[in-house]
Amino acid sequence: MKCLFCAIVNGEIPADIVRQSDNVLAFNDINPVAPTHILIIPKIHSENAAELTLANPEVLIECFEMAASIAKERELNGYRTVFNTGADGGQSVFHAHLHLLGGRALSWPPG
Ligand code: 5GP
Ligand code: ZN
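Definitions and cut-offs
- Residues numbered from 1 in each chain as written.
- Chains lettered and ligands numbered in written order.
- Predicted model: local features only at pLDDT ≥ 70, side-chain atom pairs only at ≥ 80, totals over all residues.
- Heavy atoms only, no water.
- Salt bridge = Lys/Arg side-chain N within 4 Å of Asp/Glu carboxyl O.
- Helix = DSSP H or I, 4+ residues; strand = E, 2+ residues; numbered from the N terminus.
- Buried < 20%, exposed > 50% of the residue type's maximum accessible area, 1.4 Å probe, protein only.
- Donors = N, O, S within 2.8 Å, 3.2 Å for Na, K, Ca; no water.
- Tetrahedral: all angles 85-135°; square planar, octahedral: opposite > 155°, others 65-115°.
- Expected span 1.5 Å × (residues − 1).
- Contact = heavy atoms within 4.5 Å.
- Core = buried A, V, L, I, M, F, W, Y, C linked by side-chain atoms within 4.5 Å.

### Comments concerning the pattern of salt bridges
By the definition in use, this model includes 2 salt bridges. Glu12 is paired through a salt bridge with Lys2; the nearest N and O atoms lie 2.6 Å apart. Of this pair, Glu12 sits in the loop between α1 (4-9) and β1 (17-20) while Lys2 sits in the segment before α1, placing them 10 residues apart in sequence. Residue classification places Lys2 among the exposed residues on the basis of a relative accessible area of 66%.

See the structure below:
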């Protein structure tokens, strides 16, 4: 089956791109749950964060670096970075993506 986020990387499906590097793409979530809700993804397909960690740890780090850089640029008063993994983890798109959430106080624990 075709991967939605690979299609965004390839430009086949449009996205509101925030920033990109050679390895990583950041774009606004289509259904934001916070004032800042950005998805940061490896350009090369990995199914989830565990697979990305094994295949390309430096790209995993780059995802977190980009999240921190965007948060700093936006002067967020704190933020949350989340990789949902698997069904019970709430993952619905099986191309690894780091959620960057901020711009409001976030509750804990998550639902
Ligand atoms: P997950 O539930 O897998 O952790 O997160 C998937 C995220 O992708 C959701 O927050 C959802 O709103 C977002 N999403 C799903 N389809 C699209 C799309 O076509 N474009 C964008 N920009 N975001 C999407
Ligand atoms: Zn993919």
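There's more to say after this.
### Points about the coordination of the zinc ion (ligand 2)
Taken together, the protein donors to the zinc ion (ligand 2) comprise Cys3 (SG), Cys6 (SG), His45 (ND1) and His95 (ND1), at separations of 2.0 to 2.3 Å. One can describe the site at the zinc ion (ligand 2) as tetrahedral: its 4 donor atoms subtend angles covering 104 to 117° at the metal. Motif for the zinc ion (ligand 2), donor spacing along one chain: C-x2-C-x38-H-x49-H. On the criterion of sequence distance, the pair formed by Cys3 in the segment before α1 and His95 in the loop between β4 (79-82) and β5 (98-102) is long-range, its members being 92 residues apart. This pair shows no difference in class: Cys3 is buried, exactly as His95 is.

### Quick word on helix α3 (residues 57-73)
Here α3 is 17 residues long and its end C-alpha atoms lie 24 Å apart, about the 24 Å a rise of 1.5 Å per residue gives. Within α3 the residues assigned to the buried category are Val59, Leu60, Glu62, Cys63, Met66, Ala67, Ile70 and Ala71. On the buried face of α3, the contacting elements are β1, β2 (24-28), β3 (36-42), α2 (49-55), β4 and β5.

### Thoughts on the nonpolar core
Within the largest apolar cluster, 16 residues are counted, with the highest numbers of intra-cluster contacts made by Ile40 and Ile70. Broken down by secondary-structure element, the contributors of at least two residues to this core are β2, β3, α2, α3 and β5. At 6 residues, the largest contribution of residues to this core is made by α3. If we ignore the near neighbours within four places in the chain, the residues touching Ile70 are Val18, Arg19, Ala26, Ile38, Ile40 and Leu100.

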